[in-house]
Amino acid sequence: MTRYVMVADLRRCVGCQTCAAACKHANATPPGVQWRQVLDMETGTYPQVQRTFVPVGCMHCADPPCESVCPSTATKIRPDGIVSIDYDLCIGCGYCAVACPYQARHIVHKRDLAYDKQAMANEEQRFDEGRMSVAMKCNFCQDRIDHAAETGQIPGVDPEVTPACVNSCIADALHFGDKDDPDSNVNNLLAENQTFRMHEELGTDPGFYYIWDKNE
Amino acid sequence: MSRNEPWLQTNWDWRAAGNFIGGGSGTGLAILAALASIQGTVYWPMGLIGAVLVGIGLFCVWLEIGRPWRALHVFFHPQTSWMTREAFVSALLLPVTLLAVVAAGPFLAMPTLAMGAIWAAAVLAAIYLFCQARILHASKGIPAWRHPSLMPVIIVTGLAEGAGFLLISAAFFGGGPAWMQVLLVVLLLGRWLAWRKYLADLTQTGAPNKALAVLHEATPLINIGGHIVPTVLVVLSLFTGDFGPWLAVLAGLTAIAGGWQLKFVVIARAAFNQGFALPLTPVRGTGQAGPGDKPGWNN
């Protein structure tokens, strides 16, 4: 079996938002829609205050509430663990958006331009009518993952078949790979470090791990 | 306000609330109209109103979906989706209710067929109401919806609204069982208790502060306008002779308005999402992990 997951090292992330920009570039998301974003979280009270940058997006849960509620079967769990959306099936009911506890899903009903009235060349070229009024979210750059099957490359190791956000990370904080492969990069990271997953208590079995310390 | 705190989701708005309002009232009425028909109460006006209410609710959903011409795709996932199950039930509920209305109506008096259709419609209505409660429970991203204590609120609210419509129909179309006033009061008491328990449970298990604030702010009006006033009006209607039926109509209207307000508040105004949380902060250098945070939550 294969289960692709992402691992974010919170000790390394500097909140530069390069991953967010790379995602936007790779997936041509409209203004205001970020499939990958980095939260800036302040915790504690003065003088014991900490600032943590937390990359978030679709957690590609193993038990995703978005998939079970979807009335049209547009949302599916692929055999490799990626939660994907079939834009041709989706009816845009928004049920998945209210079922997702990670606020990862977006529905855009009206075409929005970065500069108000005039579409830039890239917006004109990359506009996709099929993504209007349907749910959309991070798909771990699934086209790249699928390409790996043709080339024999390894997602998370070979940049050509690795999600754009991971490739772009300047601090080597984001990692991607197959958790079910005992020798994978992400498995090594999970074995060597202590991690948590967000909202784990909700039982969705998210596929996004946060490293907070090395193993003792 | 931090962007990490829960914020009001906008994917489901008044149109989604309209589905729960129309569906709850319509199914509540279909169930109670079947019970009332046992004692000879005229069914067809109530059945018709119930079907129209459910239809209005479904029309609201149709207005809400982004790709309305793909609406039939809603039937594709009965294995796990309560929305699909609701759609399947509605596909049976509406024709069966209309069959009951026609068979029990003044132009085609077919009592045996009518009785069968009336009870089939009542069972389907009960399943439909249950589906609505489960739809909200399955919305894991909205803490105020997913709490199991909301399910009894949705069910008893639908029945209380149905009892309100039953009182109104009885006043206009004659008759109505003697127990309908008592039933309304019992259902209002049930709604009050269910709402009270829901608020207490939600506060205890944890919810976004803003969702709790919205719910607590709306509670006095729900209690006074939706519970106390209709109860007082029902009691007065029993002792005021000629004015009695009109007070009963008012009681029904206020009971319905209270239920609609309750559902609008829960679905359109208290729908704050989960937000983000950090169980603990990362260890940097030789330091220690710091305490985490769940911004915008009461606990």
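Our structure's up above, just so we're on the same page.
Rules behind the numbers
- Residues numbered from 1 in each chain as written.
- Chains lettered and ligands numbered in written order.
- Predicted model: local features only at pLDDT ≥ 70, side-chain atom pairs only at ≥ 80, totals over all residues.
- Helix = DSSP H or I, 4+ residues; strand = E, 2+ residues; numbered from the N terminus.
- Rg over C-alpha atoms; globule rule 2.2 N^0.38 Å.
- Buried ≥ 20, exposed ≤ 12 C-beta atoms within 10 Å, placed from the backbone.
- Contact = placed C-beta atoms within 7 Å.
- Pairing = 2+ DSSP bridges.
- Axes fitted to C-alpha atoms, helices over the stretch in contact; angles between N-to-C directions.
- Nonpolar A, V, L, I, M, F, W, Y, C, P; charged D, E, K, R; others polar.

**Quick look at the overall build of chain A**
- Check the secondary structure of chain A and you find seven helices and ten strands.
- Computed over C-alpha atoms, the radius of gyration of chain A comes to 18 Å, within 12% of the 17 Å expected from 2.2 N^0.38 for 216 residues, which places it in the range of a compact globule.
- Buried positions account for 46% of the 216 residues belonging to chain A.
- When contacts within chain A are restricted to residue pairs at least 6 apart in sequence, long-range pairs at least 24 apart make up 56% of them.

**With respect to the sheet that holds strand E1 (residues 4-9) of chain A**
Residue and element names in this part refer to chain A.
- If you walk across this open sheet you meet the four strands as E8-E1-E10-E9, and the pairing is mixed. Each edge of the sheet is formed by a strand with only one pairing partner; in this case those strands are strand E8 (174-178) and strand E9 (193-196). Pairs of neighbouring strands in the sheet enclose a mean axial angle of 35°, with direction left out of account.
- Bridge count for E1 against strand E10 (residues 208-214) is four bridges, and the pairing is parallel. In the sheet register, Val7 faces E10, and the bridge partner there is Tyr209.
- Running at roughly 115° to E8, helix H7 (residues 185-192) makes contact with E1, E8, E9 and E10 of the sheet.

**Things to note about the interface of chain B and chain A**
- The partner chain A presents 41 residues to the 39 residues of chain B that form the contact.
- Where the side of chain B that touches chain A is concerned, the elements lending two or more residues are helix H3 (82-104), strand E1 (278-280) and strand E2 (291-293) of chain B.
- Considering only residue class, the side of chain B that touches chain A consists of 18 nonpolar, 16 polar and five charged.

**Points about the environment of Gly164 of chain B**
Residue and element names in this part refer to chain B.
- Mapped onto the fold, Gly164 is located in helix H6 (residues 150-173).
- The class for Gly164 is buried, based on 32 C-beta atoms found within 10 Å.
- Sequence separation of Gly164 and Pro148 is 16 residues, and the distance between their C-alpha atoms is 25 Å.
- The contacts of Gly164, once residues within four sequence positions are left out, are Leu184, Gly252, Leu253, Ala255 and Ile256.

Geometric descriptors of this kind do not, in isolation, establish any biological role.
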